[in-house]
Amino acid sequence: MFALLDRCPHKGGPLSQGIVFGTSVACPLHNWTIGLDDGCARGADEGCTPRFACKVEDGRVLLDPVELATVATDEA
Ligand code: FES
């Protein structure tokens, strides 16, 4: 199980504002399709958004704060 950084690999669009269809999300800025199974662009587009390990406990989604801070900072 993993979560994706809310940033499109194209130009940083907010993937959380995109439209989800099947196992993908369409970025709201330029309509790239990003796979929700791996965070990578589909079709002729190239690039991946960072992934974070996560788990669900007692109905809450838990992320590793060290991994989240490191990856989010490095990609900013
Ligand atoms: S920023 Fe997402 S498609 Fe351009």
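See above for the structure.
Residues numbered from 1 in each chain as written. Predicted model: local features only at pLDDT ≥ 70, side-chain atom pairs only at ≥ 80, totals over all residues.

S.K.: Before we move on, could you go through the overall build of the chain and cite the residues and values that matter?
M.R.: Looking only at helices and strands, one finds 1 helix and 6 strands in the chain. Helices and strands in the chain line up, N terminus first, as β-β-β-β-β-β-α. The C-alpha atoms of the chain give 13 Å as radius of gyration, which agrees with the globular expectation for 76 residues (11 Å, within 12%). Summarising its shape, the C-alpha atoms of the chain cover approximately 35 × 30 × 20 Å along the three principal directions. For the chain, the residues scored as buried account for 17% of the 76 residues in total. Once local pairs closer than 6 in sequence are excluded, the contacts in the chain between residues at least 24 apart make up 32%. (Helix = DSSP H or I, 4+ residues; strand = E, 2+ residues; numbered from the N terminus. Rg over C-alpha atoms; globule rule 2.2 N^0.38 Å. Buried ≥ 20, exposed ≤ 12 C-beta atoms within 10 Å, placed from the backbone. Contact = placed C-beta atoms within 7 Å.)

S.K.: Give a detailed account of the nonpolar core, specifying residues and quantitative values.
M.R.: One recurring pattern in soluble globular proteins: nonpolar side chains tend to sit buried together. Core analysis: the largest hydrophobic core is formed by 7 residues, namely Cys8, Leu15, Val25, Cys27, Trp32, Ile34 and Ala41. Every residue in contact with Trp32, bar those within four places of it in the chain, is listed here: Cys8, His10, Cys27, Ala41 and Asp45. (Core = buried A, V, L, I, M, F, W, Y, C linked by C-beta atoms within 7 Å.)

S.K.: Can you tell me about the sheet that holds strand β5 (residues 51-57), naming the residues and giving the values?
M.R.: Strands sit in the order β1-β5-β6 across an open sheet of 3 strands; the sheet is antiparallel. Each edge of the open sheet is held by one strand with a lone partner, namely β1 (2-4) and β6 (60-63). The mean angle between the axes of side-by-side strands here comes to 45°, regardless of whether they run parallel or antiparallel. Two strands pair when backbone bridges link them, and β1 and β5 are joined in this way by 3 bridges, in the antiparallel orientation. Residue pairing in the sheet places Leu4 in a bridge with Arg51 of β5. (Pairing = 2+ DSSP bridges. Axes fitted to C-alpha atoms, helices over the stretch in contact; angles between N-to-C directions.)

S.K.: Can you lay out the environment of Cys54 for me, pointing to particular residues and giving the numbers?
M.R.: Turning to its location among the elements, Cys54 is positioned in strand β5. If we ignore the near neighbours within four places in the chain, the residues touching Cys54 are Met1, Phe2, Ala3, Val61, Leu62 and Leu63.

S.K.: Can you lay out the pairing of β5 for me, pointing to particular residues and giving the numbers?
M.R.: Summarising burial for β5: 0 of the 7 residues are buried, a small minority. What sits between the antiparallel neighbours β5 and β6 is a turn of 2 residues, in which Asp58 has the positive phi angle 50°.

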